[in-house]
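# Coordinate inspection notes
Listed below, chain by chain, are the residues.
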Amino acid sequence: MADPLRDRRSVRISVIIPACNEAGYIRSTLEGLARARESLGVEVIVSDDGSSDGTLEQVQGLADTVVKALPGQRTGPGAARNRGAWQSGGRILIFLDADTRIPNPADFFALAEKVFDRGRLVAATSRLAVEPGRARASERVLLLAQDLLIWTENLLNIHVAGGWCQIVDREAFFRVNGYNEELSVAQDVDLFRRLGRLGRTRLITGLRVFESPRRYRECGLLRTYLIRIVNSLAVLLGLAPPLVSYRPDRPKYHGR
C-alpha cells in the first residue's frame, strides 16, 4: 500500500476512529479530543463503515474528516481503519475504538511523540481500563493482568496489541500495507505481528485509555477474553481466527 501523502507536508498526529453504528458512544470520544484538535493541531478522522443509527449525525463538527465506505468496498474495522489512514496526514497514526476515551490528550500525545522519537519504535499500545465509576472489580483485575501480559510479550518480541489503541509510525504502516482486510477479527494482532518484522513494538506504561464496559456486559468477561485469546493465538501462528467477533450487528463484506 503506497503512502498517498509521502510527498506532502504532514501533521504530527492523526487519530483514526472506525465506526459502525456507534451513535451511543462516539460523540463522547470525539468531544474528549476537541481541545487537542484546536490547540495541538491533532487531526481527527472518523471512518464510517455503513452506520444506520445516526453515527454520522453525532460526529458533525467534531472530526476533521469523515470517510465513508463506497459501494463495493470491504466492511469491517480493518478496512475502515485503512480508509481512514489513506486520508490522514500525520507522521504518527493513532487508531482508537469508537468507545475509547483518552483522559488527558495533551499529555498522551506529548508522551507518545517523545517515546517514538527516542525509542525508535514502529508501533506501540497503551494500558486499558474501564471508565472510572463503571468498572467492576473483576474487570479491573483482568485488564491489569492484560496490561502486564502485553507489556511482557512485546519486551520478548512477541508483537501484540489490542484494537482499543494502536500507535503506529506512518512509514511503517504503509510499508506493511496496513491492516489485513481479509480478517474479520484480530486485525490488530496481525498488524503488530507484521510491524514487528520492521522494528520494536511496546506497551507504553505511561499511556492509558478508558473504554466502555459494553463488551464484557454483553458477552461476559471471561467469554470475551477467551475469544480474544484464541483469535490472537491463531493469528500469531499464521492461522485464520476461528471465533467470530462479539458484535452481532456488523454488516457483512460487500467484496470488491
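Notes on the structure in this doc start here.

## Describing the pairing of strand β2 (residues 43-48)
- Burial analysis of β2 places six of its six residues in the buried class, which makes it a mostly covered element.
- Judged by which residues are buried, β2 turns out to be covered on both faces: Glu43, Ile45 and Ser47 on one side and Val44, Val46 and Asp48 on the other are all buried.
- Of the strand pairs in this sheet, strand β1 (residues 13-19) and β2 are connected by six bridges, and their pairing is parallel. The partner of Pro18 across the bridge, within β2, is Ser47.
- As defined by bridge partners, β2 adjoins strand β3 (residues 65-68) across four bridges and the pair is classed as parallel. Residue Ser47 lies in a different strand from β3, and its bridge partner there is Val67.

## Side note on unusual backbone geometry
- A positive phi angle is found at Asn177, which is not glycine, with a value near 70°.
- Secondary-structure assignment places Asn177 in the loop between α7 (170-175) and α8 (187-195).
- What makes Asn177 partly exposed here is its relative accessible area of 41%.
- Its identity is not glycine, yet Ala186 carries a phi of approximately 60°, on the positive side.
- Assignment of secondary structure puts Ala186 in the loop between α7 and α8.

Reading the values: rules and limits
- Residues numbered from 1 in each chain as written.
- Predicted model: local features only at pLDDT ≥ 70, side-chain atom pairs only at ≥ 80, totals over all residues.
- Heavy atoms only, no water.
- Buried < 20%, exposed > 50% of the residue type's maximum accessible area, 1.4 Å probe, protein only.
- Helix = DSSP H or I, 4+ residues; strand = E, 2+ residues; numbered from the N terminus.
- Pairing = 2+ DSSP bridges.

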